Every structure is written in C-alpha cells, then in structure tokens.
Amino acid sequence: MAVTADGKVDTFERRGARVSGIEDTRLVDALRAAADAVMVGGRTLVAEDPRLTVRDPVLIGERVAQGRPPQPAKVAVASRLVQPGHAGMALPSPSRFLIEGATLVIVATTQATPSDAREWLERQGAELVVHDGLRVDLPRLLADLAEREIRSLLVEGGGTLVAALLAAGLVDELRLAVAPLLFGGEDAPTPVSGPGWPRDQAIPLTLLETDVDADGDVVLRYAVRRAGPA
Ligand SMILES: NC(=O)c1ccc[n+]([C@@H]2O[C@H](COP(=O)([O-])OP(=O)(O)OC[C@H]3O[C@@H](n4cnc5c(N)ncnc54)[C@H](OP(=O)(O)O)[C@@H]3O)[C@@H](O)[C@H]2O)c1
C-alpha cells in the first residue's frame, strides 16, 4: 500500500487519492505481473473501480512466455454489493474492474448481496463466490483460490481487508511506499484498520528491504513475523 508520511492511504474524502509517484506505480505493475491474482476490499472497489491490470507490455509478454495468463486474476471481497444506481455499495456501469484485462474476475461476497446485483455481476463476466455469514470467510476464500492454482496473491488494500487478513494470519509480507505528503484528518484511512490490537498483541514485523525511489517515496518491505495477534 502507499501511505503518506502521516500514515494515511487516502484523504478524508475517501475518493481514492493518488499517494505515491510514477516510479512506485511501475514497481506495483511488476508486483502485479509476478502475482497469480490481485485482491481488493469492497470499499476500495467502489471508491476507485480499479483496473488492477498489468500495464507494461514487456511484463505481459514475460507472463505469456512463462505459460501464464497475460493478466493476473482479480478478486474483490465485499460483504454486500448492490446494482449500479441503487443505494449502497455499487460499482459504476460499465466497471473497469469487471471488464478490463480479459481475465478471471472473482467477486467474493455474502448472502446479503441481493440476487439482482449477483445476476448483474455475472452478466458482466464475474464469477461469484457467496459465503454464508455476515462477512466473507477469508481463510476459506484463500483455500478456494489455492485450488484454482492461485498461490501468490497481491492485496492492494484497503485497511479493513488488510487488518482482517493479518488477524487471520494470512499475510506473509507487507510493502509500504511512504510518500512525501501529509493528508491529515483523523478519519482519513490507514493501511491497517479494523478494531486494532492492544500493544501486547501488536503484530511484529521484520524489515527486509528499504529503498528510496526517484520521486522520494521510501519503499519498506517487511516480513510478517507472527501468524496473527495472540
Ligand atoms: N493508498 C493505497 O495504497 C490504498 C490502497 C487501497 C485502498 N486505499 C483507500 O482505502 C480506502 C478503503 O479502505 P477501507 O478500509 O475503508 O475498506 P476496504 O478494505 O477496501 O474494504 C473492506 C470491505 O471488505 C468487506 N469484507 C467482507 N468480508 C470481510 C472480511 N472477512 N474481513 C474484512 N473485510 C471484509 C467489508 O465489509 P463490511 O462492510 O462488512 O465491513 C468492506 O466492505 C479507500 O479510501 C481507498 O481509496 C488506499
């Protein structure tokens, strides 16, 4: 994820503000190219309608030469989605997330997504995974993805999804690009949100790599040291 120097991943407006520079965008493109699938949370999906595609034709060519699909699969995790134009969490129509990249698109959701919204998503080419319960069962979803040969997953936020994956012990590495900007705002989102953990249950990290790119973004790569909070 890309964060400002004051630890925010978006402004208080939550419209998907650009955070890091061009150089980091290139690095994220390479991370996408290395992944079997790219995942986002529902609020990021709706705020940004992200393409999540690899842009560099050289990287796409390398994937094809390795016998892989040109683009990684895309996965969205959303408790409840509604049809475009309805009140609630809705994608625009047409949606870049759903149509760009000609790749497998999975929307993992719950029974709270009404049938008309499910049918609309399927008509747009998405494969639906519908879990019982109030939220998507993340360990079950990742096991399902592994059965589809999706072994490396790049999660591009937001903080609610990242916190839940950390709490479930499902994260191996965390990569933060710290941009030389301040967004402020006590309600501006951060890279790990959810309810949080007390100090004695904080998730320890091991710093693996640091780099400063040409735009002044400090790129930090960490290993997540413990499976999840105690
Ligand atoms: N700078 C960056 O790198 C970056 C990257 C991504 C996003 N962002 C920003 O982050 C903000 C969105 O982040 P966010 O934290 O609000 O939301 P989020 O993590 O993008 O989305 C969370 C969504 O996932 C759903 N969900 C379903 N099952 C879940 C489970 N088991 N665990 C956790 N969530 C589950 C949540 O449902 P419920 O409704 O049940 O909670 C919620 O709708 C936006 O402003 C976006 O632009 C920034």
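It should be noted that the structure appears before, not after, this text.
Residues numbered from 1 in each chain as written. Predicted model: local features only at pLDDT ≥ 70, side-chain atom pairs only at ≥ 80, totals over all residues. Heavy atoms only, no water.

S.K.: Would you take a moment to explain the overall build of the protein chain for this structure?
M.R.: When helices and strands are counted, the protein chain shows seven helices and nine strands. For the protein chain, the spread of C-alpha atoms along the three principal axes comes to 45 × 45 × 35 Å. When the 230 residues of the protein chain are sorted by exposure, 40% land in the buried category. In the protein chain, of all internal contacts separated by at least 6 residues, the share reaching a separation of at least 24 is 69%. A total accessible area of about 11800 Å² is found for the protein chain, and carbon and sulfur atoms account for 53% of it. Side chains of the protein chain carry 25 positive and 32 negative charges; the gap between the two charge centres is 2 Å. (Helix = DSSP H or I, 4+ residues; strand = E, 2+ residues; numbered from the N terminus. Buried < 20%, exposed > 50% of the residue type's maximum accessible area, 1.4 Å probe, protein only. Contact = heavy atoms within 4.5 Å. Areas by Shrake-Rupley, 256 points an atom, 1.4 Å probe, with all protein chains shown as cover. Lys, Arg positive; Asp, Glu negative; His and termini not counted. Charge placed at Lys NZ, Arg CZ, Asp CG, Glu CD.)

S.K.: What's the story with the site of the ligand in this structure? I'm lost.
M.R.: The local shell around the ligand holds 27 residues, among which Asp-10, Thr-44, Glu-48, Arg-135 and Thr-160 are the closest. In the environment of the ligand, an oxygen atom lies 2.9 Å from a nitrogen or oxygen atom belonging to the backbone of Leu-161. In isolation the ligand exposes 930 Å². Once the protein is present, 89% of that is buried. When residues of the shell around the ligand are traced back to their parent elements, those giving at least two are helix H2 (42–48) and helix H7 (159–167). A class-by-class count of the residues in the shell around the ligand yields eleven nonpolar, ten polar and six charged. (Near = heavy atom within 4 Å. Polar contact = N/O pair within 3.5 Å; in protein donor to acceptor, adjacent residues only side chain to side chain. Nonpolar A, V, L, I, M, F, W, Y, C, P; charged D, E, K, R; others polar.)

S.K.: Help me out: how do you make sense of the sheet that holds strand E4 (residues 105–110) in this one?
M.R.: Pairing between the strands of a sheet comes from backbone hydrogen bonds, and it takes one of two forms, parallel or antiparallel. Taken together, five strands build an open sheet; the order of strands is E5-E4-E3-E2-E6 and the sheet is parallel. Taken across any chain shown, the strands that pair with only one partner, and hence form the sheet edges, are strand E5 (127–131) and strand E6 (153–155). The mean inter-strand angle of the sheet, taken between neighbouring strand axes irrespective of direction, is 20°. Running at roughly 110° to strand E2 (residues 37–41), H7 makes contact with E2, strand E3 (73–77) and E6 of the sheet. (Pairing = 2+ DSSP bridges. Axes fitted to C-alpha atoms, helices over the stretch in contact; angles between N-to-C directions.)

S.K.: Just checking my understanding: could you explain the layout of surface pockets for this structure?
M.R.: Empty space among the atoms becomes apparent when a probe as large as a water molecule is rolled across them. Of the voids in this model, the second largest pocket is the one considered here, and its volume is about 200 Å³. Lining the second largest pocket, in full, are Leu-166, Leu-174, Leu-176, Pro-191, Val-192, Trp-197, Ala-202, Ile-203, Leu-205 and Tyr-222. (1 Å grid on protein atoms, 1.4 Å probe; cavity = no way out; pocket = protein on both sides within 12 Å on 5 of 7 lines; lining within 4 Å. Points joined across faces, edges and corners; volume = space filled by probe spheres on them.)

S.K.: Which parts of the structure should I look at to understand the environment of Ala-168?
M.R.: Inspection of the secondary structure assignment puts Ala-168 in the loop between H7 and strand E7 (173–179). It is 7.2 Å that separates the C-alpha atoms of Ala-168 and Pro-139, two residues lying 29 residues apart in sequence.

S.K.: Mind showing me how you'd approach unusual backbone geometry here?
M.R.: Most peptide bonds take the trans configuration, and most residues that are not glycine carry a negative phi. Going from Ser-93 to Pro-94, the amide bond is cis rather than trans, its omega being 0°. Looking at the element boundaries, Pro-94 is found in the loop between E3 and helix H4 (96–99). A cis amide bond links Gly-157 with the next residue in sequence, Gly-158, at an omega value of -5°. As for its position among the elements, Gly-158 is in the loop between E6 and H7. We note that Ala-102 has phi near 45°; this positive angle belongs to a residue other than glycine. Tracing the backbone through its elements, the reader meets Ala-102 in the loop between H4 and E4.

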